[in-house]
Amino acid sequence: MSETETRPLEEVLGILVEKVEKVFEGFEAQRGREAEEKRRREEAAKRWEKERAEEAKRRAEEEKNICNAASGINQVMPRPILCRVAA
């Protein structure tokens, strides 16, 4: 004799509905976790893109400064060789 034969149909259906609800709750929870993980990955990608852009800008500024120093370009005062006073 099986367990369902000793219980009324309403009780068996109630147990079945509870089990199905739990399965769907698990699916919904997993879907929520996946959506949250996707959101975190997208935010991290945006953050990394911003950081890479800032790093590229900083490096370009450093390179510009190095080139300016190497060529003697100075916004305040030119090198004496380029200045008329030195002539």
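None of these values were measured; they are calculated from a predicted model. (Residues numbered from 1 in each chain as written. Predicted model: local features only at pLDDT ≥ 70, side-chain atom pairs only at ≥ 80, totals over all residues. Heavy atoms only, no water.)

Novice: Can you walk me through a nonpolar patch on the surface in this structure?
Specialist: A cluster of nonpolar side chains, namely Leu-9, Leu-13, Leu-16, Val-20, Val-23, Phe-24 and Phe-27, defines an oily patch on the protein surface of about 700 Å² accessible area. Relative to the assigned elements, Val-20 resides in helix α2 (residues 9-71). (Patch = residues over 30% accessible without salt bridge, like charges linked within 9 Å, V, L, I, M, F, W, Y side chains within 5 Å. Areas by Shrake-Rupley, 256 points an atom, 1.4 Å probe, with all protein chains shown as cover. Salt bridge = Lys/Arg side-chain N within 4 Å of Asp/Glu carboxyl O. Helix = DSSP H or I, 4+ residues; strand = E, 2+ residues; numbered from the N terminus.)

Novice: Even after reading the chapter, I still don't get the packing of aromatic side chains, so can you show me in this structure?
Specialist: Geometry of an aromatic ring pair is reported as the spacing of the ring centres plus the angle between the planes. Taken as a whole and judged by the stated rule, the model has one aromatic pair. Measuring from centroid to centroid gives 6.2 Å for Phe-24 and Phe-27, while their planes differ by 80°, and the two rings are edge-to-face. Of this pair, Phe-24 and Phe-27 are both found in helix α2, three residues apart, which corresponds to roughly one turn of the helix. (Phe/Tyr/Trp six-rings, centres within 6.5 Å; stacked < 30°, edge-to-face > 60°.)

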